[in-house]
Each structure stands twice: as structure tokens, then as C-alpha cells.
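Tertiary structure, described
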Amino acid sequence: MTTTAELPEFPMPRAAGCPFDPPPAACALQEEAPLARVRLWDGSTPWLVTRHADQRALLADPRVSADVTRPGYPSPAPLPKGGTGISFILMDNPEHARLRKMVTAPFTIRRVAAMRPAVQKIVDDLIDELLAGPKPVDLVEAFALPVPSLVICELLGVPYADHDFFQENSKVIIRRDAGPEERAAGHRALIGYLDELVGAKLENPADDLLSGLAARVAAGELTRAEAAQMGVLLLIAGHETTANMIALGTLALLEHPDQLALLREGDDPALVASAVEELLRYLNITHNGRRRLALEDIEIAGETIRAGEGLIMANDIANRDPDVFPDGDRLDLTRDAHRHVAFGFGVHQCLGQPLARLELQVVYSTLYRRIPTLALATDVGQVPFKHDGSVYGVYELPVTW
């Protein structure tokens, strides 16, 4: 019998030289022990769930809680003290549903589709600046970060001039090695910033999401603190994840020139949409897993998860599950990858996924056609990867053409 001291630590390290692949030890668990205990930073031993079907079943199970404040919840780091607020994505229904529905409208497929011309202009303008500027250039700073930052600022009603401030504090919050006080300070800074913006929208509303939240504050449906907290969540999620997908996706395509050629030389919107889903599956940039807590005993995969035990859904491993994605370690833009769990599953699946898909479709269909000779300006071994954060990507991506 495996002792607690022998349990693998989570998150697990990646193999050297395989920047796009999940940790080999976790992949081995998927075959040998799809439901296995792992040890966290605090000594707790939650279950690591690695198979695609088991994750979807548990994420849709009402006996499983997302409430980070419950005893036994497998938190990735110490919770900050001082009452900095809890995001609605870390709550259970009915409170989760009440708050989520207040920000759903701007992210409907129809509303997001109407944003395509504006997103296309942002992408084209930034590529114009790339082509007019010096080379090599860091694609992260010059393109991957500005695209989603400009989009989410426009949607929320946040001044883009403040992007350095919110990006720096966002990085602190999602850095795995940041201490609880450091993360709390970054969170307080963003809460204060968004609280001021909500206050400004109360006085001078505009046609943006923060003004909509301010109207709910005025109507007594939300507290100002709740509105600011929701603004922080949307601001961080709206630029950090997509920026990493743009840069890391570009690097993956440069390392797979046959796949890059499909995007660069084709003009089929269906292929572009398929490519986005496959890159989301293949890269799966959220590497902390989706954390949950069993509220009742649950029988699954030949094991009994007891009430009060933690669960970690290793979505990067599930997205390589051979039962769902044969030859899953291979990047194939023509694959039907729509069943991936990069955005989660169930009632807590990512609210902003239509917007993320739109931005990635515009970027992947435009960048490589407008700069057909785009190339890495350094050896891939010299690219600094984000092994220290909950969102995977690259800190810099030097490119030339």
C-alpha cells in the first residue's frame, strides 16, 4: 500500500524538452490509476482525476462543490486573510447562478459574433505596427497581450491606458509561488481600482459591462464590493488566458510547420474553428486543475470518494485521453476536438469561452497569412516558459520575418 510520504506531489513537473506535453507521471496515472491520491503543498491528499469521462461526470455532479471556503477544499495555495472576497466561480448554486447570470448577456454567441469586426481591426492594427517596427520583436509584448487586453477593456469599459497596472497585479495573483500576502495585496489593488471604476459608472454610465454592473448596484441587486469582485475576475480572465493561448499557440504552430501551413495557406472558416479547438485541447494552458470537494460519498472509476474529500480534475491530462482523442500527443488541426475540457464542463464552465474562441479565430486566421514568413528568432530551448503560474505560456516569444 502506498504511504502518504510516497504520494506524488501536485502539480507535477513537466519533462525537459517537452514544453507542450503534460507531465509524464500524470499521464502514466491515467493508464495505471485514473483516480489516485496526490499530495498538495499543505500535506492534504485529494484525488487526482485524469480520465476525460470521469472528469465530465464529476464536474456535472451536484454532489460536488466548487466552494473554496469549505473545509477540505483542495486549494492550490493558502487563502489570503482579510476578506478580499471570493469570486462567484468558487461558489455553489444558487449564489453562483445568481451572480453569473448578471454578466452572461455580453458573452452570448450572438453578442460576441457582433464584435468580430472590432476584434479584426484590433488585430490588423497591431500587425500593421509589427510590420512597421523593428525586428526581432517580442510577440508577447507587441501582440499577444495587447489583443485581448484591448478587447476586454472595450467590453468592460476599462481605460486601456491602465493596462500595465492591471496586468502586473494579475500576474501576481496567478503566480503559483507568490505568498498569500503578496497575492492579497495584488487582489486588493485590483479591487480598489475596479471599485473606483464602478463608482464612476454609477455617476456616468456608458454602454459597457461595468456600467451594467453599476446599474445593478443602484437597483440593489448587487453590492458595490460584489460588482468590483466580478470586474476583477473578468479583467484577469479576459486577457491573461487568451494572451497565453496566442503566444503559446503561435510557438506550437512554428514548431509544427505542416500544421501552420494549413492555416497560412487556407481560408476555410471551418478549418480555423477546428484549429482553435485543437490548440485549446493540445495546449490546455490551465495547469492547476479544476478543484472540487465531494459533499457525499461518490462511487466512480472503481473507487469510493468519501464526503469531505478533495478532487482535482487534471484537464490537461484529460485532453490527451486516448479513449476520446486517439494519438492525442499529436497536434492535428483537422481533428474534431470539440469535446475537450479546456473550458471545463457543467455549470461552472468558462463564461467567456465564446469571446476567447472569437479572438483566437481572428488571430490564427490573420497573423500567419499577413506575416507568412513569421519565424522564431531564437532556439526553442531559450524561450522562457511559465512553469511558476497557474496559467501556462511563455514570458517572451522573440520572432522575426
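Refer to the structure presented above.
Residues numbered from 1 in each chain as written. Predicted model: local features only at pLDDT ≥ 70, side-chain atom pairs only at ≥ 80, totals over all residues. Heavy atoms only, no water.

**A closer look at the sheet that holds strand β8 (residues 310-313)**
If you trace the five strands from one edge of the open sheet to the other, you get β1-β2-β8-β5-β3, paired in mixed fashion. Pairing within the sheet leaves two strands with one partner each, and these edge strands are β1 (35-37) and β3 (64-65). Summarising the sheet, strand β2 (residues 47-49) and β8 pair through three bridges and their orientation is parallel. Note on β8: the bridge partner recorded for V49 is M313. Contacts from helix α2 (residues 52-59) reach β2, β3, β5 (290-294) and β8 within the one sheet, and its direction differs from that of β8 by about 125°. (Pairing = 2+ DSSP bridges. Helix = DSSP H or I, 4+ residues; strand = E, 2+ residues; numbered from the N terminus. Contact = heavy atoms within 4.5 Å. Axes fitted to C-alpha atoms, helices over the stretch in contact; angles between N-to-C directions.)

**Focus on the pattern of salt bridges**
This model, assessed by the stated rule, comprises 23 salt bridges. The closest approach of N and O atoms between E221 and R216, which form a salt bridge, is 2.5 Å. The class of E221 is partly exposed, set by a relative accessible area of 37%. Between R306 and D297 there is a salt bridge whose closest N-O contact spans 3.1 Å. You can call D297 partly exposed: its relative accessible area is 39%. (Salt bridge = Lys/Arg side-chain N within 4 Å of Asp/Glu carboxyl O. Buried < 20%, exposed > 50% of the residue type's maximum accessible area, 1.4 Å probe, protein only.)

**Points about the side chain of D321**
Mapped onto the secondary structure, D321 falls in the loop between α14 (315-318) and α15 (353-370). It is R51 that comes nearest to the buried, bridge-free D321 among opposite-charge side chains, at 5.5 Å. Of note is the side chain of D321, whose polar atom sits 2.9 Å from the backbone nitrogen of D323. Residue contacts for D321: discarding those within four places in its chain leaves Q30, R51 and H52. (Lys, Arg positive; Asp, Glu negative; His and termini not counted. Polar contact = N/O pair within 3.5 Å; in protein donor to acceptor, adjacent residues only side chain to side chain.)

**Remarks on the nonpolar core**
What tends to happen in soluble globular proteins is that the nonpolar side chains get buried as a cluster. F143, V158, L279, L283, Y364, V394 and L397 are the most contacted members of the largest nonpolar core, which totals 94 residues. Considering every element that reaches this core, the biggest residue donor is helix α11 (residues 224-254), with 17 residues. Dropping the residues within four chain positions of it, L397 is found in contact with V137, D138, L139, V140, A247, T250, L251, L376 and V383. Core analysis: the next-biggest nonpolar cluster, separate from the first, contains twelve residues, L58, I298, I300 and I305 among them. (Core = buried A, V, L, I, M, F, W, Y, C linked by side-chain atoms within 4.5 Å.)

**Let's talk about helix α7 (residues 146-156)**
Burial analysis of α7 places nine of its eleven residues in the buried class, the great majority of the element. Taken together, the buried positions of α7 are P146, V147, P148, S149, V151, I152, C153, L155 and L156. Following α7 by one or two positions, G157 adopts a phi angle in the positive range, close to 90°.

**What to know about the packing of aromatic side chains**
All chains considered together, the criterion is met by four aromatic pairs. Between F165 and Y193 the ring centres are 5.2 Å apart and the planes differ by 55°, which places this aromatic pair in the tilted class. Of this pair, F165 sits in helix α8 (residues 163-174) while Y193 sits in helix α9 (residues 180-203), placing them 28 residues apart in sequence. Classification of Y193 by relative accessible area gives buried; the value is 12%. The aromatic ring of Y392 is capped on one face by R14, whose charged end is 4.1 Å from the ring centroid. Across from the ring centre of F325, 5.4 Å away, lies the NZ or CZ of R281, which sits over that ring. (Phe/Tyr/Trp six-rings, centres within 6.5 Å; stacked < 30°, edge-to-face > 60°. Lys NZ or Arg CZ within 6 Å of the ring centre and 35° of its normal.)

**With respect to helix α5 (residues 116-132)**
Taking 1.5 Å as the rise per residue, α5 with 17 residues should run 24 Å; its terminal C-alpha atoms sit 24 Å apart, in good agreement. Listed as buried for α5 are V119, I122, V123, L126, I127 and L130. An end-on view of α5 places all buried positions within 125° of arc, on one side of the element. Opposite the buried face of α5, at more than 90 degrees from it, the exposed residues are P117, K121, E129 and A132. Packing partners of the buried residues in α5 comprise β4 (137-138), α6 (139-144), α7 and α15. (Expected span 1.5 Å × (residues − 1). Arc of directions from axis to C-beta.)

**Describing the pairing of β5**
For β5, a buried count of five out of five residues is recorded, marking the element as mostly surrounded by other parts of the structure. Side-chain alternation along β5 places R290, R292 and A294 on one buried face and R291 and L293 on a second face that is also buried. Bridge count between β3 and β5: two bridges; the pairing is antiparallel. Within the sheet, the bridge partner assigned to S65 lies in β5 and is L293. One ladder, built from four bridges, connects β5 with β8; its direction is antiparallel.

**Examining unusual backbone geometry**
Residue P11 is reached from F10 by a cis peptide bond, and omega for that bond is 5°. Geometrically, the link from K135 to P136 is a cis peptide bond, its omega value of 0° lying close to zero. Among the secondary structure elements, P136 is positioned in the loop between α5 and β4. Non-glycine residue N284 carries a positive phi angle of around 40°. Locating N284 in the fold gives a position in the loop between α13 (269-283) and β5. You will see that D327, though not glycine, has its phi angle at about 55°, which is positive.

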